[in-house]
Amino acid sequence: MTAVKQVIMGLNGDEAVAYAVKQCNVDVVSAYPITPQTIIVEKISKFVNDGEVDLEFIKVESEHSALSACVGASAAGARTFTATAANGLQLMHEILYITSSLRLPVVMAIANRAPSGPINIHCDHNDSMGARDSGWIQIYSEDAQEAYDNVIQAFRIAEHPDVLLPVMVMMDGFLITHTLQNVSVLDDYAVSEFVGYRRVDMIKVPAIHGDKEVYRMLNPRYPLTFGPLDLFDYYMEHKMQQIETMKNAKKIIKEVHDEYAKLSGRFYGDGFVEPYKADDADFLLVGLGSTMGTVKEVVDDLREEGFKVGSVRVRVFRPFPEESLVPLLRDKTAVGVLDRGISFGSYGQLYLDIAAHLYGRMGPILIDFVYGLGGRDMPPSLIKSVFREIIEAEKNPEPVLRVRGVRG
Amino acid sequence: MSELKGWREIPIGGVVPLSSLEYRTGDWKVFRPVIDEEKCVKCGNCWMFCPDSAIEWDGEGVPKPNYEYCKGCGVCAEECPVKAIKMVR
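A quick note: this is a predicted structure, and the numbers were derived from the prediction, not measured.

A. Spotlight on the interface of chain A and chain B. Between chain A and chain B, the contact holds 25 residues from the first and 18 residues from the second. Together, the buried faces of chain A and chain B total about 1800 Å²; carbon and sulfur atoms form 67% of this surface. The largest per-residue losses of area from chain A upon contact with chain B belong to Thr225(A), Tyr234(A) and Gln241(A), which jointly make up 31% of the total buried on that side. On the surface where chain A and chain B come into contact, there are zero salt bridges. Inspection of the region where chain A meets chain B yields eight residue pairs in polar contact (both at pLDDT 80 or more). Only β9 (202–204) and α9 (235–264) of chain A provide two or more residues apiece to the side of chain A that touches chain B.

What follows is the structure, given as structure tokens:
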């Protein structure tokens, strides 16, 4: 049962994200179009042009400028949104760290696309994985519906006074961004009430200025210094704040997810990971994004054939949900990790995190399957053969890194 | 300098609850600009070019460098069209 009225609209992932932004009382959007995110920018510009939304759209000449404009707007107290993909995200790289370290709650949608080169416009996760260490919260969506839901939740998470960190909402390029889907859209007022308006946090000013609290924002009435030189005397203290906040953000992510679930009737596992027939399974596949929808189908097929298999989709990748994930994986015979990205010279990024968090906990045999780079198809038949490899992992535990769906 | 604080005590985001007015950057300089009042044509070029807004000007008279903030970069002397500004040690 849902608490509010919803209508079903035919939207692709990009349109669903743009629609969510329209409903979220956003003040400033600055973005530069790049395939497969372009529709988000087009839709938001159209909403602004048609007077359907009251926000400032700042046109810029590059992604570096887009995120810089968002940093300025967010520091001035605005609720701020941007969106990009692949090479655009790489051009933003410098500002990613600045956004998170200035503790500005910018929300960004990523249409996952393989980084160049050779030039490719289709889905893999190497772009957002490249931003893994930048201090942003990362949430991966499975479909257009979830992308819509995640953007709405992202504003609440980012702006929560105990968090104040930027949030990235990922969706697979083309597979989600350009695929039309029935999306249940909440009532405008319900979303507006859920996200509210941005409340800027306070900062204490020194005794010589009257021992009072002022808004932590750019304000001519009480000017503050943002982004000063911060060397060996204080830099590490500021990083410690980020480390602790990332850890504590899990509580808020959970709260916001549960509250939204009550409102919309939609929930995604416990908010961090979404297990599917995982409890009594001996063999699991763990992964991110749209592929995990197909994996559920294959799990059903293999269950009918009598194999005790299941799957777990990781929704929140940063902060990494070890409390939710480790108990699910610990007692299994073998677990395959589906990685749509690769750290060249090592393993896929999801595998690295799972292996690190399972270390010393008597975990299962862990095998890394790298798949789908540059949008290479991951059909049910290939997922099935990956499951077969996991089932036989006790006999054949080597090699750990297996690239599947590539010609030999 | 006061005693260094721990991470729980300092504002988040590296934000400093002070404005640039409170950073007296004047003691950075080696050379200071001195304006020759006879030569000055009161065009305001130096006031416009100063990267630290450290030159004060009422729009009519001879501009006056504020040595509390002037870092001594010499941009004003370079830009003065009548060479009325000298950098003095």
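B. Inspection of the nonpolar core at higher detail. All names here are of chain A. Ranked by internal contacts, the top residues of the largest apolar core, which has 104 residues, are Phe 81, Ile 137, Tyr 148 and Ile 354. When residues in this core are grouped by element, the largest group, nine residues, is from helix α7 (residues 144–159). Residues from two domains meet in this core; each of domain 1 (6–199 + 247–264) and domain 2 (273–403) gives at least three. Judged by nonpolar contacts, the second largest core, of 20 residues, contains Val 309, Leu 382, Ile 383 and Val 386.

C. Broad picture of the pattern of salt bridges. Residues and elements named next belong to chain A. One pass over the full model with this rule turns up 28 salt bridges over all chains. We note a salt bridge from Glu 142 to Arg 313, for which the minimum N-O separation is 2.9 Å. Of this pair, Glu 142 sits in the loop between β6 (137–140) and α7 while Arg 313 sits in strand β13 (residues 309–314); the two residues are 171 residues apart in sequence, bridging distant segments of the chain. The same class applies to Glu 142 as to Arg 313, namely buried. Salt-bridge contacts for Arg 318 lead to Asp 353; the nearest nitrogen and oxygen are separated by 2.8 Å. Here the residue Arg 318 occupies a position in strand β14 (residues 316–318), and Asp 353 occupies one in helix α12 (residues 349–358), the gap between them amounting to 35 residues. Given the relative accessible area of 9%, Asp 353 is considered buried. Several salt bridges share partner residues, and in doing so they unite Glu 142, Glu 146, Glu 274, Lys 296, Arg 313 and Arg 315 into one network.

Here is what the cut-offs are and how they apply
- Residues numbered from 1 in each chain as written.
- Chains lettered and ligands numbered in written order.
- Predicted model: local features only at pLDDT ≥ 70, side-chain atom pairs only at ≥ 80, totals over all residues.
- Heavy atoms only, no water.
- Contact = heavy atoms within 4.5 Å.
- Buried area = accessible area lost by both parts, 1.4 Å probe.
- Salt bridge = Lys/Arg side-chain N within 4 Å of Asp/Glu carboxyl O.
- Polar contact = N/O pair within 3.5 Å; in protein donor to acceptor, adjacent residues only side chain to side chain.
- Helix = DSSP H or I, 4+ residues; strand = E, 2+ residues; numbered from the N terminus.
- Core = buried A, V, L, I, M, F, W, Y, C linked by side-chain atoms within 4.5 Å.
- Buried < 20%, exposed > 50% of the residue type's maximum accessible area, 1.4 Å probe, protein only.
- Domains from an automatic or database assignment.

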